[in-house]
Amino acid sequence: MSRLTILFERAMDKTITPEEHDELLAYFADPKNKKLTEKLFASAWKRFNPDHPVFTQEQGSAMLARLSETIQTEERSSAGTRFWPVLWYRAAVAASILLVVSVASYFIFFKVPDDSDGMTLAQAVTQAGIAPGNDRAVITLGDGRTITLDESGVGLLAEEAGIHINKLAEGEISYESSSKSATEIEAVTYNTIQIPKGGQYRLVLPDGTKVHLNSASTLRYPTRFTGMSREVELTGEAYFEVTQRLSENGGPTTAPSKIPFIVKTASQQVEVLGTVFNINAYHEQQTKTTLVEGSVRVVTNTAEAVRLQPGEVATCTAGQTGLVVEKADLDGDLAWHNGYFIFNDENIRSIMERVARWYDVEVAYVGKMDDKRFGGIFQRSKSITQLLENFRTTGLVDFKITERRITVMAK
């Protein structure tokens, strides 16, 4: 018995694997297998006996005859060309579709269980155009103008309130004072940078503070820092490297003056001088502040305050009294900044929430997910296929991809 016959029989009794399914289609695409393929289809047609046929045997025979005539016409018109195998592949697929219709009430032919229309995960991901995130952002200036950064060239983007806004190489924006004197500088205006799903961006603020923004995040900030504090507003997630010293006109300096840097979120504010930290404020229900180096003071909307030491994380949860301070998982909390996903016995819903932001997809669930927990390390620059395949091999979940929607199914 030939390999093609074996695979065909496995497809008929629905025991074929995704890999074997691809192999079978490859056999169909080879014109050398044309006669055997026709024989197998004819045999399947004779022995199939559905309980509720979609059309009569006479109608089916007529449709097959028309299909055969179409195939012969295409073969004659394509003789001697390099496209003939493609035409035969299309004809074979058409024949399989015909058989699908005829036995729809009995079984689904050539459909591998739990795959997206018989495709492997890799094929479904490619067809849907799901790719890792990249440097993407939009800046809204004080006068309402918007600049799409991933469509802009390197160099000067705009000048506003005496500040040059420059796009640097490798996804970074910087703010620098123009040559205007202090008396010529206009009133302070505010800019907002918005990072879409599937994006990230780096920003150097007017004081020299560096900010790395994660997907689906927004930062509002002044084009020039003045007064006795430097305040920005964040939703989403960002990694800050704060410059400690400022001059009187809001630029970095070696002068001894120290002006606090304040990050405001929906539920708290973080006050620092010179330090490195990460804030995760995607949800109003919970905000996490992870301190890498230096010192920060976290103040909630109810005026409760704690001071963190390096390696600590403060969690503010809505509806709960008190800030929870504990030892931070620095590798996990900063993984996105370093280009990774790190999951440590984490629920699938929490995992897929992060995955959805980075790969710009929607996620749905079928079945109970409370007990589905996973661990692992994955590069954010890689295809989502690797991550999904690894979770699938556990036997706990499976995935179906329809356009840009991933359905997680409990097993």
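Just so it is clear, the model here is predicted, and its values are computed rather than measured. (Residues numbered from 1 in each chain as written. Predicted model: local features only at pLDDT ≥ 70, side-chain atom pairs only at ≥ 80, totals over all residues. Heavy atoms only, no water.)

## Re the overall build of the protein
Item 1. A count of helical and extended segments in the protein gives nine helices and 24 strands.
Item 2. Counting all 411 residues of the protein, 44% fall into the buried class.
Item 3. Summed over its atoms, the accessible surface of the protein is roughly 20700 Å², and 50% of this surface lies on carbon and sulfur atoms. (Helix = DSSP H or I, 4+ residues; strand = E, 2+ residues; numbered from the N terminus. Buried < 20%, exposed > 50% of the residue type's maximum accessible area, 1.4 Å probe, protein only. Areas by Shrake-Rupley, 256 points an atom, 1.4 Å probe, with all protein chains shown as cover.)

## Examining the confidence of the model for the protein
Item 1. Counting all residues, the mean pLDDT for the protein is 79, and 74% of those residues have values of 70 or more.
Item 2. Across residues 50-57, confidence stays below pLDDT 50; counting only partners more than four residues off in sequence or on other chains, it has 15 contacts.
Item 3. Across residues 252-256, where pLDDT falls below 50, the model places 11 contacts with residues more than four positions away in sequence or in other chains. (pLDDT = per-residue confidence, 0-100. Contact = heavy atoms within 4.5 Å.)

## Observations concerning the packing of helix α8 (residues 348-359) against helix α9 (residues 384-392)
Item 1. Interaxial distance between α8 and α9 falls to 12 Å at its minimum, and their mutual angle equals 165°. It follows from the interaxial angle that α8 and α9 lie roughly antiparallel. Here the hand of the crossing between α8 and α9 comes out left-handed. Note on element contacts: α9 touches α8 through I384, L387, L388 and F391, opposite I348, I351, M352, V355 and Y359.
Item 2. Class assignment for the residues of the contact of α8 with α9 results in nine nonpolar, no polar and no charged. (Axes fitted to C-alpha atoms, helices over the stretch in contact; angles between N-to-C directions. Parallel < 35°, antiparallel > 145°, perpendicular 65-115°, else oblique. Left-handed = near helix turned anticlockwise from the far one by under 90°. Nonpolar A, V, L, I, M, F, W, Y, C, P; charged D, E, K, R; others polar.)

## A closer look at a negative patch on the surface
Item 1. There is a patch of like negative charges on the surface, built from D135, D150, E151 and E170.
Item 2. Within the secondary structure, E170 sits in the loop between β5 (163-168) and β6 (172-177). (Patch = residues over 30% accessible without salt bridge, like charges linked within 9 Å, V, L, I, M, F, W, Y side chains within 5 Å. Salt bridge = Lys/Arg side-chain N within 4 Å of Asp/Glu carboxyl O. Lys, Arg positive; Asp, Glu negative; His and termini not counted. Charge placed at Lys NZ, Arg CZ, Asp CG, Glu CD.)

## Focus: unusual backbone geometry
Item 1. A positive phi angle is found at A216, which is not glycine, with a value near 55°.
Item 2. Take A216: it is sitting in the loop between β9 (210-213) and β10 (217-222).
Item 3. Phi at D360 takes a positive value of approximately 55°, unusual for a residue other than glycine.
Item 4. When you line up the elements, D360 lands in the loop between α8 and β21 (362-366).

## Topic: the layout of surface pockets
Item 1. Its boundaries defined by the atoms lining it, the largest pocket holds a volume of some 770 Å³.
Item 2. Lining the largest pocket we find 34 residues, and of these N280, K288, D333, E346 and R354 sit closest to its centre.
Item 3. Looking at the lining of the largest pocket, the elements with two or more residues in it are β14 (276-283), β15 (286-293), β18 (312-317), β19 (324-327), α7 (330-333), β20 (340-347) and α8.
Item 4. In terms of residue count, the dominant contributor to the lining of the largest pocket is β20 (six residues).
Item 5. Here the residues of the lining of the largest pocket are counted per class, giving nine nonpolar, 12 polar and 13 charged. (1 Å grid on protein atoms, 1.4 Å probe; cavity = no way out; pocket = protein on both sides within 12 Å on 5 of 7 lines; lining within 4 Å. Points joined across faces, edges and corners; volume = space filled by probe spheres on them.)

## Some remarks on the pattern of salt bridges
Item 1. Per the counting criterion, the structure on display carries 13 salt bridges.
Item 2. Ionic pairing is found between E346 and R354, a salt bridge with its closest N-O pair at 2.4 Å.
Item 3. With relative accessibility at 14%, the residue E346 sits in the buried group.
Item 4. A relative accessible area of 23% means that R354 is categorised as partly exposed.
Item 5. Through salt bridges with shared partners, one network takes in E389, R392 and D398.

## Digging into the side chain of T290
Item 1. Following the sequence through the fold, T290 ends up in strand β15.
Item 2. In this structure T290 comes out as buried when scored by relative accessible area, which is 1%.
Item 3. Reaching out from T290, the side chain makes a polar contact with the side chain of D333 at a distance of 2.9 Å.
Item 4. In this structure, T290 is in contact with F277, N278, E312, V313, A328, L330 and D333, ignoring residues within four places of it in sequence. (Polar contact = N/O pair within 3.5 Å; in protein donor to acceptor, adjacent residues only side chain to side chain.)

## As for the nonpolar core
Item 1. Grouped together as the largest cluster of nonpolar side chains are 40 residues, with contacts concentrated most on I193, L219, F240 and F277.
Item 2. When residues in this core are grouped by element, the largest group, four residues, is from strand β11 (residues 230-241).
Item 3. If near-sequence neighbours (up to four positions away) are discounted, F277 is found in contact with A238, Y239, F240, V242, V263, V270, V272, T289, T290, L291, V292 and V296.
Item 4. Grouped together as the second largest cluster of nonpolar side chains are 28 residues, F341, F343, Y359 and I384 included. (Core = buried A, V, L, I, M, F, W, Y, C linked by side-chain atoms within 4.5 Å.)

## Things to note about helix α1 (residues 3-12)
Along an α-helix, residues three or four apart share an orientation, since each turn contains 3.6 residues.
Item 1. Along α1, the residues that are buried comprise L4, T5, L7, F8, A11 and M12. Buried residues in α1, looked at end-on, bunch into an arc of 165°, giving them a common side. (Arc of directions from axis to C-beta.)

## Considerations on the sheet that holds strand β23 (residues 397-402)
Item 1. One open sheet accounts for three strands, arranged β21-β24-β23; its pairing is mixed. Where the open sheet ends on each side, the last strands, each with one partner, are β21 and β23. When the angles between neighbouring strand axes are averaged without regard to direction, this sheet yields 25°.
Item 2. Taken together, the six bridges between β23 and strand β24 (residues 405-410) define a ladder with antiparallel strand orientation. In the strand pairing of β24, V397 is matched with A410.
Item 3. Strands β21 and β24 of the sheet are contacted by α8, whose axis makes an angle of about 160° with β21. (Pairing = 2+ DSSP bridges.)

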